[in-house]
Amino acid sequence: MNDTVAELQDKNFSHTLEKEEDPLGRSPLQVGIEVTIAVLICVACIVGNSLVVIAIHRTPRLSTITNMLVENLAWSDIFMATLHLPFWIASMYSGQWTLGHVTCRLAGFSELVFGTASLQTMAGIAVNRYFSIVKRNLYVKYFSDRKTTYLIIALSWIVPVFVCSPPLYGWGSIQYSEKFTDCTLGWNVNDISYIVLLLTTSILTTMIVIICCYFAIFKFVRRSSRQIQSHIQSENHDNQHINTTTTNRETKIIKTFVAVVCVYVICWTPVCVVGIFEVMDHAAPRFVYIIIYYLMFSSSFWNPIIYGVFNTQFKEAFKQMYNNLNASEAIVLMRDRVPLENNWH
């Protein structure tokens, strides 16, 4: 009798384990690690980009034309982190999509739109900086009244919605991918025409614009620095301050150029490469897809670092926000101490 009961218990236990087994065959530790990294990326995106938005609105000198685009970039990344990443994290945890086909298509559409809007805004920032530094006369003519910037911001959302909507009505597809554990673009050979359009419009063209603009800025700044130094030498001046200033300016441009291009290439190129191989029916191991997705979404927390921390005015604004927070905490502590001291008396 006891043996029969034990056998039944073992069968029930085995049946329970089968029910709880991960659909992707992952161990609980692997699930925990994957989900933890995804949550950290999501939190970092929200915190970093929110600080950029707060700094712009609390610091009058940050209310510039270029920072209108930086704020738009921050909002596109915040929308990605709050309106799409939770779906990705939930499906990663469960190992499957449980919210239905319609929700899957909407979640995938949101990913495409927010990602493309972020990339389009990065291109807009590059164009803005190009005209601001290289074509100053045209910048004053077209960007001084902010209308051009508002147009760029509007296009950074209209173009993604237009380009990313075809899968909703039959050209291309949005489907759940077990390898990405997310609802995303379907990399199917039948949809090759739309895939080419999306990659060309969203990633390739944007990359070309960013590289060309920042390279032109770098060449202009380097040429200007050489002219200033030549002028100083011809006049027999030994102005170390001017030399240092021009060198620092050139170095800053180089750092920004390298950072923007490297982050763009590292975060967005791998998903294109893997997608193309997927179309060709050459699949990679699942861990490759997960790492690539981490890289792609991590671009949303690199953006506030590149466009915020690299900017001296943003760094000063962040320091001021931190000092104000410490001051507020000190005031609260002082208020709490006063009643205690009065009670002792």
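To start, this report covers the structure provided alongside it. All values derive from a computational prediction rather than experimental measurement. The numbering scheme is per chain: residues are counted from 1 as the chain's sequence reads. Local features in this predicted model are restricted to residues of pLDDT 70 or higher, and side-chain atom pairs are both shown and tallied only at a pLDDT of 80 or more, whereas totals for entire chains, interfaces and linings draw on every residue. Values shown for side chains rest on all heavy atoms present in the structure; no hydrogens or waters enter the calculation.

Some remarks on the packing of aromatic side chains
Each aromatic ring pair is described using two quantities: the centre-to-centre distance and the angle formed by the ring planes. How we decide: Two rings belonging to Phe, Tyr or Trp (six-membered ring only in the last case) form a pair when the distance between their centres is within 6.5 Å. Interplanar angles under 30 degrees mark stacking, angles over 60 mark edge-to-face geometry, and anything in between is tilted. Secondary structure elements are defined from DSSP: runs of H or I of at least 4 residues count as helices, runs of E of at least 2 residues count as strands, and each element is numbered from the N terminus. Categorising residues by exposure relies on relative accessible area from a 1.4 Å probe, with only protein chains included: less than 20% of the type maximum marks a residue as buried, more than 50% marks it as exposed, and the intermediate range marks it as partly exposed.
Within the structure shown, the criterion is met by 17 aromatic pairs. Judged by centre distance (4.7 Å) and plane angle (45°), the ring pair of W88 and F297 falls under tilted. Here F297 lies in helix 10 (residues 286-309) and W88 lies in helix 4 (residues 85-94), a separation of 209 residues in the sequence. Accessibility assignment for this pair places W88 and F297 in one class, buried. One aromatic cluster is present, built from ring pairs that chain together W88, F180, Y289, Y293, Y294 and F297.

Notes on the state of the cysteines
So the rule is basically this: Note on disulfides: each one is a pair of cysteine sulfur atoms within 2.5 Å.
Enumeration according to the criterion identifies 1 disulfide in this entry. With its sulfur 1.9 Å from that of its partner, C104 forms a disulfide with C183. When the S-S torsion is -115°, as for the bridge of C104 with C183, the disulfide is left-handed. Highlighted residues: C104 in helix 5 (residues 101-133) and C183 in strand 2 (residues 182-185), separated in sequence by 79 residues. We note that C212 lacks a disulfide partner, and the nearest cysteine sulfur, in C213, lies 7.0 Å from it.

Quick look at helix 3 (residues 65-83)
Applied cut-off: Given the number of residues in a helix, its expected span is that number minus one, multiplied by 1.5 Å.
Taking 1.5 Å of rise per residue, 19 residues should cover 27 Å, and helix 3 covers 27 Å from first to last C-alpha, within 8% of that figure. Across the 19 residues of helix 3, 15 count as buried, placing the element largely inside the fold.

Description of the pairing of strand 2
The criterion, for reference: Note on pairing: two strands pair once DSSP finds at least 2 bridges between them.
For strand 1 (residues 174-177) and strand 2, the ladder comprises 4 bridges, and the chain directions are antiparallel. Counterpart to S177 in the pairing with strand 2 is D182. Hairpin connection from strand 1 to strand 2: 4 residues lie between these consecutive antiparallel strands, with T181 at a positive phi of about 50°.

A word on the packing of helix 2 (residues 28-58) against helix 4
This is how the line gets drawn: Only the contacting stretch of a helix is used when fitting its axis, a line to C-alpha atoms as for every element, and angles between N-to-C directions run 0 to 180 degrees. Any angle from 65 to 115 degrees is called roughly perpendicular, while one under 35 is roughly parallel, one over 145 is roughly antiparallel, and all others are oblique. Here a residue-residue contact requires only that any non-hydrogen atoms of the pair lie within 4.5 Å. Each residue receives one of three labels: charged for Asp, Glu, Lys and Arg, nonpolar for Ala, Val, Leu, Ile, Met, Phe, Trp, Tyr, Cys and Pro, and polar for the others, Gly being one of them.
Viewed as axis vectors pointing N to C, helix 2 and helix 4 meet at an angle of 175°, and their least axial separation amounts to 9 Å. Between helix 2 and helix 4, the interaxial angle falls into the category roughly antiparallel. For the pair formed by helix 2 and helix 4, the contact residues are V31, E34, V35, A38, V39 and C42 on the first element and L85, W88, I89, M92 and Y93 on the second. Its residues assigned to classes, the contact of helix 2 with helix 4 comprises 10 nonpolar, no polar and 1 charged.

Digging into the pattern of salt bridges
We count it as follows: By salt bridge we mean one thing: a side-chain nitrogen of Lys or Arg within 4 Å of a carboxyl oxygen of Asp or Glu.
The final tally for this structure, using the stated rule, is 4 salt bridges. Notably, a salt bridge pairs D22 with R26, separated by 2.9 Å at the nearest N-O pair. In terms of burial, D22 and R26 fall into one category: buried. A salt bridge links E34 to R26; its shortest N-O distance comes to 2.7 Å. Across the pair, exposure class does not vary: E34 and R26 are buried alike.

A few points about empty space enclosed by the protein
Spelled out, the test is: Residues are said to line a cavity or pocket when one of their atoms sits within 4 Å of a point; the points come from a 1 Å grid over protein atoms alone, cavities being sets where a 1.4 Å probe fits but cannot get out and pockets being open sets with protein on both sides within 12 Å along at least five of seven lines. Grid points are joined across faces, edges and corners, and a volume is the space filled by probe spheres set on the points.
Under the defined criterion, the tally for this structure stands at 3 cavities of 30 Å³ or more. The computed volume of the largest cavity comes to approximately 230 Å³. Lining the largest cavity are 18 residues, and of these L112, L198, I203, W268 and M296 sit closest to its centre. With 5 residues, helix 5 is the largest single contributor of residues to the lining of the largest cavity. Residues that form the lining of the largest cavity fall into these classes: 13 nonpolar, 4 polar and 1 charged.

Digging into the packing of helix 2 against helix 3
Relative placement of two packed helices is described by the angle separating their axes and the distance separating the axes. This is how it is decided: Left-handed is the label given to a crossing in which the near helix is rotated counterclockwise from the far helix by less than a right angle, and right-handed is the label when the rotation is clockwise.
Running from N to C, helix 2 and helix 3 point in directions that differ by 150°, and their axes come no closer than 9 Å. Our classification of the angle between helix 2 and helix 3 gives roughly antiparallel. Read as a crossing pair, helix 2 and helix 3 show a hand that is left-handed. In this structure, helix 2 uses C42, C45, I46, N49, S50, V52, V53, I56 and H57 to contact helix 3, whose residues at the interface are N67, V70, E71, A74, W75, D77, I78, A81 and T82.

As for the nonpolar core
Threshold: For this analysis, a nonpolar core means a set of buried residues of the types Ala, Val, Leu, Ile, Met, Phe, Trp, Tyr and Cys, connected via side-chain atoms within 4.5 Å.
By size, the foremost hydrophobic cluster in this structure holds 79 residues, and its most contacted members are W88, M122, I210, Y214, F297 and Y307. Here the element with the most residues in this core is helix 9 (residues 240-279); it accounts for 12 residues. Those residues in contact with M122 that sit more than four places away from it in its chain are L73, I210, V260, Y264, N303 and Y307.

Details of the layout of surface pockets
Considered as a void within the structure, the second largest pocket measures approximately 200 Å³ in volume. The wall of the second largest pocket is formed by Q120, A123, G124, V127, I152, L155, S156, V159, T201, T205, T206 and V209. At the level of elements, helix 5, helix 7 (147-164) and helix 8 (192-234) are the ones that each hand at least two residues to the lining of the second largest pocket.

As for unusual backbone geometry
Residues other than glycine predominantly adopt negative phi, and peptide bonds predominantly adopt the trans conformation. Even without being a glycine, T181 presents a positive backbone phi close to 50°. Checked against the element boundaries, T181 lands in the loop between strand 1 and strand 2. Phi is positive for D281, which is not a glycine, with a value near 65°. Position of D281 among the secondary structure elements: in the loop between helix 9 and helix 10.

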